Amino acid sequence: MTVSDPVVESVVATISRSATEIRQGLIGRRGTVDEENPSGETQAEADVWADELLGDRLAAIDGVGQYASEERAEIVDCGDDPSSTDAYAVAVDPLDGSSNLKSNNAMGTIFGVYDAALPARGDTLVAAGFVLYGPITTMVIATDELITEYELSGGERTVVDRDVTLPAEPVVYGFGGRVPDWPDDFRAYAREIESELKLRYGGALIGDVNQVLTYGGTFGYPGLESRPEGKLRLQFEGNPIGYVVERAGGRSSNGSQSLLTVEPDDLHDRTPVHVGNEELIDRLEDALA
Ligand SMILES: O=P(O)(O)OC[C@H]1O[C@](O)(COP(=O)(O)O)[C@@H](O)[C@@H]1O
Ligand SMILES: [Mg+2]
Ligand SMILES: [Mg+2]
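Residues numbered from 1 in each chain as written. Chains lettered and ligands numbered in written order. Predicted model: local features only at pLDDT ≥ 70, side-chain atom pairs only at ≥ 80, totals over all residues. Heavy atoms only, no water.

Peer 1: Would you mind showing me how to read the UniProt feature "binding site: Mg(2+) 1" (unreviewed entry) in the protein chain here?
Peer 2: UniProt marks E70, D93 and L95 with the feature "binding site: Mg(2+) 1" (unreviewed entry), using the numbering shown here. Across 26 residues in sequence, these annotated residues keep their C-alpha atoms within 9.1 Å of one another, forming a single compact spot. Relative to the elements of secondary structure, E70 occurs in the loop between β3 (64–69) and β4 (76–77). Aside from chain neighbours lying at most four places away, what touches E70 is N37, P38, V92, D93, P94, L95, R233, F236, E237 and H268. You can see L95 is positioned in strand β5 (residues 88–96). The class for L95 is buried, based on a relative accessible area of 1%. (UniProt positions renumbered as here; feature names shortened; annotations may be inferred. Helix = DSSP H or I, 4+ residues; strand = E, 2+ residues; numbered from the N terminus. Contact = heavy atoms within 4.5 Å. Buried < 20%, exposed > 50% of the residue type's maximum accessible area, 1.4 Å probe, protein only.)

As structure tokens, this is what we get:
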């Protein structure tokens, strides 16, 4: 099953072919480098390596006008300007959850294909998705026409779910950040959810969101007392994940509105991220109002 837009298909084919290599290349790259990314976080060797690998390949695709990633400060201009031509901009979190490398737990690669120059609103996405490096490697691709889960093996994509849909009955939740750092209104909401659903939190957005897509429920990384803007990045994490969950029939929110309608100021803006079943995100927004 391929995507009908040839540029988007080239982007997803490139990422899916690279995933097996990235997975293999993690071996021996579990240490950190003496550098910080633009968000001020210590980079893993694998973060830098995966960014270079994906950057080189995605920037070479005809029709990709910009490449940007969580791991580099500046946008790479690689062709036509997406704001005035029909080129797209590709934004990537090359390794999501890379602090899980040390403990050998789940990680992902997140991508968004924007029909606008970066930084851009999430409602300009024409496709988004992720690779999940779990016991097996899977990929979810969402476009206007499909939201499909694949298993990846040696560059091959095999459909395992043709129409990913959030289960109607929520089962799991996962909330990031330290509990004493949660604002009171979020903590009160979280206490209710904890009494209703089952905790699933692994510390990689992609692993945790895929639990929600599989079982129904909610993932949240709220604004914190010490950092009201939260931890996750709008262009590389919030928008693509919001797009995927909304396409699967759920909702996304920054606490008051869909992530896809948030106006970005800067490429590396952070945002609170909440995704999941509509009823839960409605309750969250009521709790924070
Ligand atoms: O360690 P914490 O505070 O629970 O944060 C976990 C969150 O941070 C992240 O690891 C940030 O992503 P990166 O690893 O891409 O920087 C998310 O995947 C995850 O949801
Ligand atoms: Mg991430
Ligand atoms: Mg990352």
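Read on for the rest.
Peer 1: I would appreciate a short explanation of the domain arrangement of the protein chain in the present structure.
Peer 2: Put simply, an interface is often sized by how much accessible area is lost when its parts join up. Assigned domains of the protein chain: these are domain 1 (6–161) and domain 2 (172–288). Averaged C-alpha coordinates put domain 1 and domain 2 at centres separated by 21 Å. With 46 residues of domain 1 at the interface, the matching set in domain 2 holds 31 residues. Buried surface at the junction of domain 1 and domain 2, both sides included, amounts to about 2700 Å², of which 59% is carbon and sulfur. When the area that domain 1 buries against domain 2 is broken down by residue, the three leading residues are P119, R121 and F130, summing to 20%. There are four salt bridges connecting domain 1 and domain 2. Here R233 and E70 are joined by a salt bridge, their closest N and O atoms 3.4 Å apart. On inspection of domain 1 and its partner domain 2, the count reaches 21 residue pairs in polar contact (both at pLDDT 80 or more). Every element with two or more residues in the side of domain 1 that touches domain 2 is listed here: β3, β5, β6 (107–114), β7 (125–133), β8 (137–143) and β9 (147–153). Counting residues per element, the side of domain 1 that touches domain 2 draws most heavily on β7, which supplies eight residues. (Domains from an automatic or database assignment. Buried area = accessible area lost by both parts, 1.4 Å probe. Salt bridge = Lys/Arg side-chain N within 4 Å of Asp/Glu carboxyl O. Polar contact = N/O pair within 3.5 Å; in protein donor to acceptor, adjacent residues only side chain to side chain.)

Peer 1: Can you walk me through the packing of helix α4 (residues 205–215) against helix α5 (residues 234–247) in this structure?
Peer 2: The angle between the axes and the distance between the axes are what describe a pair of packed helices. The contact between α4 and α5 brings their axes to 12 Å, and the two run at 15°. In terms of their interaxial angle, α4 and α5 are classed as roughly parallel. The way α4 lies across α5 gives a crossing that is right-handed. Touching L205, I206, V209 and L213 of α4 are E237, I241, V244 and V245, all from α5. Within the contact of α4 with α5, the residues separate by chemical class into seven nonpolar, no polar and one charged. (Axes fitted to C-alpha atoms, helices over the stretch in contact; angles between N-to-C directions. Parallel < 35°, antiparallel > 145°, perpendicular 65-115°, else oblique. Left-handed = near helix turned anticlockwise from the far one by under 90°. Nonpolar A, V, L, I, M, F, W, Y, C, P; charged D, E, K, R; others polar.)

Peer 1: Help me understand a negative patch on the surface in this model?
Peer 2: A grouping of D77, D80, D81, D86 and D115 is seen on the molecular surface, where their side chains present a negatively charged patch. The class of D86 is exposed, set by a relative accessible area of 68%. (Patch = residues over 30% accessible without salt bridge, like charges linked within 9 Å, V, L, I, M, F, W, Y side chains within 5 Å. Areas by Shrake-Rupley, 256 points an atom, 1.4 Å probe, with all protein chains shown as cover. Lys, Arg positive; Asp, Glu negative; His and termini not counted. Charge placed at Lys NZ, Arg CZ, Asp CG, Glu CD.)

Peer 1: What's the story with the nonpolar core in this structure? I'm lost.
Peer 2: Soluble globular proteins tend to pack their nonpolar side chains together in the buried interior. One finds L213, F219 and I241 to be the most contacted residues of the largest nonpolar core, which totals 50 residues. A per-element tally of this core places α5 first, with six residues. Of the residues that make up this core, three or more belong to each of domain 1 (6–161) and domain 2 (172–288). Not counting chain neighbours up to four residues away, the residues in contact with L213 comprise F130, V164, T165, L166, P167, V244, V245 and A248. Counting residues in each nonpolar core, the second largest holds 37 residues, with A19, I22, A44 and V131 among its members. (Core = buried A, V, L, I, M, F, W, Y, C linked by side-chain atoms within 4.5 Å.)

Peer 1: What is the right way to read the site of ligand 1 from this model?
Peer 2: Residues in close proximity to ligand 1 total 17 residues, the closest being D96, G97, Y201, L205 and Y221. Between ligand 1 and S98, the relevant distance is 3.1 Å, taken from an oxygen atom to a main-chain nitrogen or oxygen of the residue. Take K231: an N or O atom from its side chain is 3.0 Å from an oxygen atom of ligand 1. Within the complex, 82% of the 470 Å² of free accessible area of ligand 1 lies under protein. When residues of the shell around ligand 1 are traced back to their parent elements, those giving at least two are β5 and β13 (217–221). Broken down by element, the shell around ligand 1 gets its largest block of residues, three residues, from β5. Formed jointly, the shell around ligand 1 draws a minimum of three residues from each of two domains, domain 1 (6–161) and domain 2 (172–288). (Near = heavy atom within 4 Å.)

Peer 1: I keep staring at the coordination of the magnesium ion (ligand 2) and nothing clicks. Help me out?
Peer 2: Reference geometry at the metal: tetrahedral coordination by four donors gives ideal angles of 109.5 degrees; octahedral coordination by six donors gives 90 or 180 degrees. Only D93 (OD), D96 (OD) and E237 (OE) from the protein coordinate the magnesium ion (ligand 2), and they sit 1.8 to 2.1 Å from it. Here the donor residues for the magnesium ion (ligand 2) map to a single chain with the spacing D-x2-D-x140-E. According to the relative accessible area criterion, D93 is buried, its value standing at 0%. Its relative accessible area of 3% is what places D96 among the buried residues. (Donors = N, O, S within 2.8 Å, 3.2 Å for Na, K, Ca; no water.)

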